[in-house]
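Residues per chain, in single letters:
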Amino acid sequence: MSLRVIAFMDNVEGVLLAAYELLQDPSAELLFAKDMDELRSKIAFSGTERELKAVGFRPSADCTTLAHKLLGKRTGRLSPRDPDVEGYISLVLRHSSCDPASLVRFICSCNGSADLLYSGKTPAGKKYYNYMRDVSRSYHRLSMFARPDLVNGILSVKVDSPHRIGDMFCRWLAGKNPDLPVAVLEKETAWIGNGRYLGLENFTHIRSSFLGSLNFSGAPDDIDDLWDVYYDSQMIPGRRNKGHAKHLQPKASSYISEMSARDRYKVERGISSCTLDNFTG
Amino acid sequence: MTNQHVAGEHHFTLTERMRILSEGTKYDSCNQSAVCHAFGPDGRCIQLYKTLLTNACAGECTYCPNRCGRHSTRASLTPEEIVRITWSFYRRNAVEGLFLSSGIIGDAERTAEKQLEVARLLRSQGFTGYIHMRVMPGTPLYLLEEIADYANKFGVNAETTSSVNYSEICPNFDYTSDVLQRLQWTRDLIKRKRREVGYGGRIVGANDTQFVVGALNEPDREIIGTVDRFMVEYELRRPYFMSFDPVPSTPLENQLPSPRWREIRLYQTSYLLKDYGLKAFDFDAVYDDNGFLVDTDPKILLAMSHPERFPVNVNSASREELLLVPGIGPVSANRIIQSRPISSEKELMRMGIVVSRARPYIEINGRRQTNLSSFMGAGA
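Basis of the calculations
- Residues numbered from 1 in each chain as written.
- Chains lettered and ligands numbered in written order.
- Predicted model: local features only at pLDDT ≥ 70, side-chain atom pairs only at ≥ 80, totals over all residues.
- Helix = DSSP H or I, 4+ residues; strand = E, 2+ residues; numbered from the N terminus.
- Buried ≥ 20, exposed ≤ 12 C-beta atoms within 10 Å, placed from the backbone.
- Contact = placed C-beta atoms within 7 Å.
- Pairing = 2+ DSSP bridges.
- pLDDT = per-residue confidence, 0-100.
- Axes fitted to C-alpha atoms, helices over the stretch in contact; angles between N-to-C directions.
- Left-handed = near helix turned anticlockwise from the far one by under 90°.
- Nonpolar A, V, L, I, M, F, W, Y, C, P; charged D, E, K, R; others polar.
- Core = buried A, V, L, I, M, F, W, Y, C linked by C-beta atoms within 7 Å.
- Domains from an automatic or database assignment.
- Parallel < 35°, antiparallel > 145°, perpendicular 65-115°, else oblique.
- Expected span 1.5 Å × (residues − 1).
- Arc of directions from axis to C-beta.

Draft legend 1. Main features of the overall build of chain A. Counting its secondary structure elements, chain A contains 12 helices and eight strands. When the backbone C-alpha atoms are referred to their principal axes, chain A occupies close to 85 × 45 × 30 Å. Per-residue burial for chain A yields a buried fraction of 35% across its 281 residues. Long-range pairs, those at least 24 residues apart, make up 59% of the contacts in chain A with a sequence separation of at least 6.

Draft legend 2. The arrangement of the overall build of chain B in detail. Check the secondary structure of chain B and you find 14 helices and 10 strands. Overall, chain B is about 80 × 45 × 35 Å in size when its C-alpha atoms are taken along their principal axes. By residue count, 47% of the 380 residues in chain B fall in the buried class. Look at the contacts in chain B between residues 6 or more apart in sequence, and 66% of them connect residues 24 or more apart.

Draft legend 3. Expanded view of the sheet that holds strand β8 (residues 312-313) of chain B. Residues and elements named next belong to chain B. Taken together, the three strands give an open sheet; going across it, the order is β8-β9-β10, and neighbouring strands pair in mixed fashion. Of all the strands in the sheet, the pair left with one neighbour each is β8 and β10 (367-368). Across two bridges, the pairing between strand β9 (residues 362-364) and β10 is antiparallel. Bridge pairing in β10 places Ile364 opposite Arg367.

Draft legend 4. How the structure looks around the confidence of the model for chain B. Residues and elements named next belong to chain B. Put simply, chain B has an average pLDDT of 89, and 92% of its residues get 70 or more. Per-element averaging of pLDDT across chain B places helix α14 (residues 372-375) at the bottom with 52 and helix α7 (residues 220-233) at the top with 97. For the stretch residues 1-5, pLDDT sits under 50, and the model shows 11 contacts to residues farther than four places along the chain or on other chains. For this predicted complex, the interface score ipTM comes out at 0.84, alongside a pTM of 0.86.

Draft legend 5. Molecular detail of the packing of α7 of chain B against helix α8 (residues 260-275) of chain B. Residues and elements named next belong to chain B. Put simply, α7 and α8 touch, their axes get as near as 11 Å, and they point 35 degrees apart. Note that α7 runs across α8; the crossing there is right-handed. For the pair α7 and α8, contact is made by Asp220, Ile223, Ile224, Val227, Asp228 and Met231 and by Leu266, Thr269, Ser270 and Leu273, respectively. Looking at the contact of α7 with α8 residue by residue, the class counts come to six nonpolar, two polar and two charged.

Draft legend 6. Structural detail: the nonpolar core. Among the nonpolar cores identified, the biggest contains 99 residues, and Ala119, Ile147 and Val325 of chain B are the most heavily contacted of them. When residues in this core are grouped by element, the largest group, six residues, is from helix α3 (residues 108-124) of chain B. Once residues lying within four places of it in the same chain are set aside, the contact partners of Ile147 of chain B are Ala112, Leu116, Ala119, Met133, Val135 and Phe154 of chain B. Among the nonpolar cores identified, the runner-up in size contains 59 residues, and Phe8, Ala33, Ile107 and Tyr118 of chain A belong to it.

Draft legend 7. Here's a closer look at the environment of Thr209 of chain B. Residue and element names in this part refer to chain B. Residue placement: Thr209 occurs in strand β6 (residues 207-213). Along the sequence, Thr209 and Val156 sit 53 residues apart, while their C-alpha atoms lie 6.0 Å from each other. In this structure, Thr209 is in contact with Gly155, Val156, Asn157, Ala158, Leu183, Phe230, Leu236 and Pro239, ignoring residues within four places of it in sequence.

Draft legend 8. Fine view of the interface of chain B and chain A. Residue-level contacts link 38 residues of chain B with 40 residues of chain A. Residues belonging to the side of chain B that touches chain A are distributed by class as follows: 10 nonpolar, 17 polar and 11 charged.

Draft legend 9. View of the domain arrangement of chain A. In terms of domains, chain A is made up of domain 1 (4-136), domain 2 (146-211) and domain 3 (222-280). Each of domain 1 of chain A and domain 3 of chain A has a C-alpha centre, and these two points are 43 Å apart.

Draft legend 10. Layout of the sheet that holds strand β2 (residues 29-33) of chain A. Residues and elements named next belong to chain A. The strand order across the open sheet formed by three strands is β2-β1-β3, and the pairing between neighbours is parallel. The outermost strands of the open sheet, each flanked by one partner alone, are β2 and β3 (51-55). With direction set aside, neighbouring strand axes in the sheet form an average angle of 25 degrees. Looking at chain direction, strand β1 (residues 4-9) and β3 are connected through five bridges and run parallel. Across the sheet, Ile6 pairs through a bridge with Lys53, a residue of β3. Where helix α2 (residues 36-46) meets the sheet, it contacts β1, β2 and β3, and its direction lies at approximately 135 degrees from that of β2.

Draft legend 11. Expanded view of the packing of helix α4 (residues 85-93) of chain A against helix α7 (residues 123-145) of chain A. Residue and element names in this part refer to chain A. Where α4 meets α7, the axes come as close as 8 Å, and the angle between the chain directions of the two elements is 80 degrees. Accordingly, the angle class assigned to the pair α4 and α7 is roughly perpendicular. On the side of α4, the interface is formed by Tyr88, Leu91 and Val92, while α7 contributes Tyr128, Tyr131, Met132, Val135 and Ser136. In terms of residue class, the contact of α4 with α7 is made up of seven nonpolar, one polar and no charged.

Draft legend 12. Summary view of helix α2 (residues 79-91) of chain B. Between its terminal C-alpha atoms α2 of chain B stretches 18 Å, which fits the 18 Å expected from 13 residues at 1.5 Å a residue. Of all the residues in α2 of chain B, the buried ones are Ile82, Val83, Ile85, Thr86, Phe89 and Tyr90 of chain B. Angularly, the buried residues of α2 of chain B cover 165 degrees about the axis, an arc narrow enough to put them on a single face. Against the buried residues of α2 of chain B lie α9 (222-233) of chain A together with α1 (14-23), β2 (45-52), β3 (97-101) and α3 of chain B. Among the residues trailing α2 of chain B, Asn93 of chain B stands out with phi positive, at a value near 65 degrees.

Draft legend 13. Representation of the environment of Asn217 of chain B within the structure. By secondary structure assignment, the location of Asn217 of chain B is in the loop between β6 and α7. Distance in space between the C-alpha atoms of Asn217 of chain B and Asn165 of chain B is 9.2 Å, their sequence separation being 52 residues.

Draft legend 14. Inspection of unusual backbone geometry at higher detail. Cis geometry marks the peptide bond from Phe310 of chain B to Pro311 of chain B; its omega dihedral reads 0 degrees. Cis geometry is adopted by the peptide bond preceding Pro341 of chain B, which originates at Arg340 of chain B and carries an omega value of 5 degrees. Note that Pro341 of chain B resides in the loop between α11 (330-339) and α12 (345-350). One non-glycine residue with positive phi stands out, namely Asn194 of chain A, at about 55 degrees.

Next comes the structure, spelled out in structure tokens:
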């Protein structure tokens, strides 16, 4: 049995480097951490005295080359929407149930075939493919159903996803609104996009308490009413494809914002044709 | 243009006009599932603010609620108002773009100029969202060229399959010059734009068009044949089908509405043309005696009408053969090919194949679902 421990940072580079090291020494143990401080505390806690090889804590590797070396080139895209290998690993790492050490072992078990990441042929392959899809679906749903408010000149929104996608969503929102600072609150962290307008780095994160003065009441405003008018105007009740409507506005996403909750309610219950005018004559 | 400029138009508030003009677009909402949506390059569904510039129209299309001479509430929005509403929805992330159509304001040229004004104004204010413009038949080339600079997607609706049919439902325009010529121009402009901006830049949507289904009695065989022809000649990627609904006070008010399932079956057939490499003649066995689709999945009907093609061996069949199997789509066919050898149905299930649908048509390592005749000893 090897006495080696491979310590790696839980990012794409760290995972790829750890997989590379593990292929050289398959019996080594794996240990991951989000930074050097966490690594030190983990080592101190375990009290291990084995030889330690730390990888990925300082950016040094070209991930694309490394991914090709480990998994070869994909013979063809199985689905046009699937991300490349680096994108795949990045999404899987964001999953709430992802264990980076198991992911490294799974990558090693692919025997140099990147296609096994996507095919779902093996149970582990299916599990990680589903992780990737879960995270990407959560991100897409946030992009679809989150409704930011303009608070004190900052386009701000609170997100509550089990996966770590606040930064992804913030980058997307900042790209969509390049003329405004944006803030995405994810638990204790506030991700800031277009931070140059606030005298900060363009993309950064701060403690969410720092943005405590922002009001996230989400009270309906004129736009909410205007949206309801628009939404209601688009429907022909007799032609409603309710199944497809439910698919496009899933129940699981209706909690994301009040507007999407109202839209989902209308999908389920229909749009009331009864208005105040019916009573006032 | 203000709302006072259209004859017979009363004063309405902005919200009222917005409602009237959005309602004017609901009849050509594909699938009637949510508000108008499109799909981004990442496959994400994006919602659009869909509106008409005005529902006052100089055209006399026989199926259209906005046809001139029909007594209805007329309203319009100024380009500034459309831009303001679009921004409001866009900032709240309720939409990611604008879908702009219009009644014909005088002629196609003037209408396109007004539509262009909206797009120009939005882009000049830094709008990076998606803009889809439905242009009128007969829009001049120089305006289409400018629209291509601002819009992500633009196109003209064919509505039907031939000049004769078109003259019956859209008497003000000529099918060959006002529609087919424009489809050819949009194809060329899209190609040029894609070359210029590449796929990394802004999205340049593929050529698309829309058919009104059921306003005339053209059979589905004819519609599918036209779609197939357009895919070859105009690089049409996405046909849209709008079910006809009779509108009161129009020449077609007493006609029966087209059933919703017909639209769905037409969409399914168009996907088989678009993504599965099939051609219009492949569906000859699927239509009924009058050339109409029936209310069953056309892919299943196609498989049932060619029993000699099955079962296919998942470990040796070509991609084209796999694609003919119900329950196997382009992605799952790729997965099967990349993951061979396949040893069990469980593996297929994990790959996303709908095994319950595919089972009668496949065999794995010589094993296949037993059919009744072989069970009775009558041979396979």
